[in-house]
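Remarks on the overall topology
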Amino acid sequence: MTMDRTGMASRKLRHIDACLHGPVEYETVTTGFENYRLPYNALTQTNLGTVDLSTGFLGSQLRAPVLIGAMTGGAELSRTINRNLAEAAQKLGVGMMLGSQRIMLDDPDGTVAASFSIRDLAPDVLLIGNIGLAQLSDDVAPKIAAALDRIGADALAVHINPLQEAMQASGDTDFSGSLERLRRLADDLPYPILLKEVGHGIGSAAAERLRDLSIAAVDVAGAGGTSWARVEQLVRYGEVRYPAVAEWGVPTAQALTEVRATLPNMPLVASGGIRTGVDAAKALMLGADVVALARPLLAPAIESPAAALDALHGFVEELRVCLHGCGAADLPALRRLSLTPRG
Ligand SMILES: Cc1cc2nc3c(=O)[nH]c(=O)nc-3n(C[C@H](O)[C@H](O)[C@H](O)COP(=O)(O)O)c2cc1C
């Protein structure tokens, strides 16, 4: 597909507009976390103020097991969003994923790189760049490495999104050979790769194909939160014309369980509809190493650095309360507890 920088930037803005104002969340599919009850312990021996949420992920130390989900880059508004989120990430010691850097791959004068540049505000943050697998050409590794070098990223998230692309006007719909391109990129790129979906879920069928690839982590990005098949239909038709496919995907809790069973030692991100600290605690107990959330941070990130910080801080503190109420002083203690399925 050929699309110039202006086209890509304006599509990004239409996505943002739909995510702010449209009915973009799944209506019938839920994450599945509601099927579990968080254990409550009235005789907890923890002190809320010293509950330790710290964890290592992709070689970085995080103060909480949370990543800002991949959202944007390329347009002026994207710069505001990324910089406001970066400030919050630095203050809270959580990680951050950027939106697709495809627009940076053909940016000889560095004009669009500015919207991804946050290292001055967030020198210590685990920073993860982003590219779509559908758009990878065979020889793209050096260009991607240059784009990651330029913004000081620590790793690359590669998104796989066949359903989103199929719903998008002029989307990239030929995924044949994509597994081989992923293998080559993982071998050639001098950065760790995190493989992610965009909200329709990586389940066991996809995880099976990753067994012998040099992938550093997987973000299941399951169904139950933002449906990108809905977003693309709203942008394309002004309505959800095909509701059945918009409600299609592997629910996040199921995706997490399936990928954990298939790849027992793979570092895992749980995302897709993670909305509360309770969701996060359940995801961590079901095998996630960290959680990520995207759309809930969009409006606060547009509003101001303080609003972005407030939203993220509230989420992290709710998670801290969950550990306290479960009787877990830290994440290893939380993971030793079992999650009760609702009767
Ligand atoms: C405004 C917006 C833009 C997004 N852009 C990207 C992107 O460029 N690359 C990507 O991998 N995912 C992108 N996503 C998908 C998210 O990273 C995430 O996987 C998905 O929205 C599900 O999480 P949520 O339910 O917390 O929103 C975007 C999400 C939003 C809300």
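Placed above this text is the structure.
Being a predicted model, the structure only gives us computed values, none of them experimental.

**Observations concerning the environment of Gly-95**
One can find Gly-95 in strand E5 (residues 95–97). By C-beta crowding, Gly-95 is classed as buried, having 24 other C-beta atoms within 10 Å. Not counting chain neighbours up to four residues away, the residues in contact with Gly-95 comprise Phe-57, Ser-60, Leu-62, Leu-67, Ala-89, Val-125, Leu-126 and Ile-128.

**Topic: the environment of Leu-234**
As for its placement among the helices and strands, Leu-234 is situated in helix H7 (residues 228–237). Note: C-alpha distance between Leu-234 and Gly-22 (212 residues apart in sequence) is 7.4 Å.

**Things to note about the site of the ligand**
With respect to spatial proximity, 26 residues lie near the ligand, and among them Gly-99, His-159, Gly-225, Thr-226 and Arg-295 are the closest. Elements with a contribution of two residues or more to the shell around the ligand: helix H1 (5–21) and strand E7 (155–159). Examining the composition of the shell around the ligand, we find that three residues originate from one element, H1, more than from any other. Considered class by class, the residues forming the shell around the ligand number 11 nonpolar, 13 polar and two charged.

**Section: the nonpolar core**
Looking at soluble globular proteins, one finds that nonpolar side chains tend to be buried together. Among the nonpolar cores identified, the biggest contains 114 residues, and Met-96, Ile-128, Leu-156 and Val-291 are the most heavily contacted of them. Ranked by residue count, the leading element in this core is helix H12 (residues 305–326), at eight residues. When neighbours within four sequence positions are excluded, Met-96 is seen to be in contact with Leu-67, Ile-68, Leu-85, Ala-86, Ala-89, Ala-122, Val-125, Leu-127 and Ile-128.

**Quick look at the sheet that holds E7**
Backbone hydrogen bonds are what pair the strands of a sheet, in a parallel or an antiparallel way. Taken in spatial order, the eight strands of this closed barrel run E4-E5-E6-E7-E8-E9-E10-E11, and their pairing is parallel. Put simply, the sheet's adjacent strands are angled 25° from each other on average, direction ignored. Summarising the sheet, strand E9 (residues 217–219) and strand E10 (residues 268–270) pair through two bridges and their orientation is parallel. Looking at the pairing, Val-218 lines up with Leu-268 of E10.

Criteria and thresholds
- Residues numbered from 1 in each chain as written.
- Predicted model: local features only at pLDDT ≥ 70, side-chain atom pairs only at ≥ 80, totals over all residues.
- Helix = DSSP H or I, 4+ residues; strand = E, 2+ residues; numbered from the N terminus.
- Buried ≥ 20, exposed ≤ 12 C-beta atoms within 10 Å, placed from the backbone.
- Contact = placed C-beta atoms within 7 Å.
- Near = placed C-beta within 6 Å.
- Nonpolar A, V, L, I, M, F, W, Y, C, P; charged D, E, K, R; others polar.
- Core = buried A, V, L, I, M, F, W, Y, C linked by C-beta atoms within 7 Å.
- Pairing = 2+ DSSP bridges.
- Axes fitted to C-alpha atoms, helices over the stretch in contact; angles between N-to-C directions.

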